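Secondary and tertiary structure notes
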Amino acid sequence: DQAKQFTAYLARFDNPVATNDGKRELYYSFDAGLVHWVMVAGYCSEMHDTSTQPCLSDDSPQMDWLVNDLKSVDRSKTPWVLVAFHQPYMNSNKAHSMITEGRPMRAAIEDTLYEYKVDLVFSGHV
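An account of the accompanying structure is given in this report.

1. Considerations on the side chain of Thr 112
Looking at where Thr 112 falls in the secondary structure, it is placed in helix α4 (residues 98–115). Under the relative-accessibility criterion, Thr 112 is labelled buried at 11%. Beyond its immediate stretch of four places on either side in the chain, Thr 112 contacts Met 63, Leu 66, Val 67 and Leu 70.

2. A look at the packing of aromatic side chains
On inspection of all chains with the given rule, the structure shows 4 aromatic pairs. Between Tyr 28 and Phe 30 the ring centres are 6.4 Å apart and the planes differ by 25 degrees, which places this aromatic pair in the stacked class. Consider the rings of Trp 37 and Phe 122, whose centres lie 6.0 Å apart with planes at 25 degrees: the pair is stacked. One end of the pair, Trp 37, is in strand β2 (residues 35–39); the other, Phe 122, is in strand β4 (residues 120–123), with 85 residues separating them in the sequence. The exposure class assigned to Trp 37 is partly exposed, which follows from its relative accessible area of 23%. Ring pairs connect the aromatic residues Tyr 28, Phe 30, Trp 37 and Phe 122, which therefore count as one cluster.

3. Let's talk about the pairing of β2
Of all 5 residues in β2, 4 are buried; the element is thus mostly enclosed. Adjacent in sequence and paired antiparallel, strand β1 (residues 28–32) and β2 are bridged by 2 residues, among which Gly 33 carries a positive phi angle near 65 degrees. Bridge count between β2 and strand β3 (residues 80–85): 5 bridges; the pairing is parallel. Residue pairing for β3: His 36 is matched across the bridge by Val 81.

4. A short note on the sheet that holds β3
Here 4 strands make up an open sheet; going across it, the order is β1-β2-β3-β4 and the pairing mixed. Each of the sheet's edge strands pairs with one partner strand only, and the pair in question is β1 and β4. Strand-to-strand twist of the sheet, defined as the mean angle between neighbouring strand axes without regard to direction, takes the value 20 degrees. Across 5 bridges, β1 lies against β2 in antiparallel orientation.

The rules behind these values
Residues numbered from 1 in each chain as written. Predicted model: local features only at pLDDT ≥ 70, side-chain atom pairs only at ≥ 80, totals over all residues. Heavy atoms only, no water. Helix = DSSP H or I, 4+ residues; strand = E, 2+ residues; numbered from the N terminus. Buried < 20%, exposed > 50% of the residue type's maximum accessible area, 1.4 Å probe, protein only. Contact = heavy atoms within 4.5 Å. Phe/Tyr/Trp six-rings, centres within 6.5 Å; stacked < 30°, edge-to-face > 60°. Pairing = 2+ DSSP bridges. Axes fitted to C-alpha atoms, helices over the stretch in contact; angles between N-to-C directions.

So, in structure tokens, the structure goes:
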């Protein structure tokens, strides 16, 4: 199914390769000046609704990548680590409920962000 593989998105945006197998993913990172940017994908082919967060479950390919990426940051070169993702992490937007979107995303990723001392998170639908 093309929608679940994000074919249209990947045809329009040239995401960098994030994995060792050379596959372009919806998640990636890059350095810009003193900032290490991390783009997290809250949507994946395993997701059937927003009440769970399989894209960032323990031992998922993305969570393994995220932990390794954050571990590898050299804070002497990039002292700031910023993370961005689409789902709301915390919000007051009733169309994107904290119960069905915010809590699953926060439960999936918050401990990792704290553990690796991420400085700032940008998320959508606030």
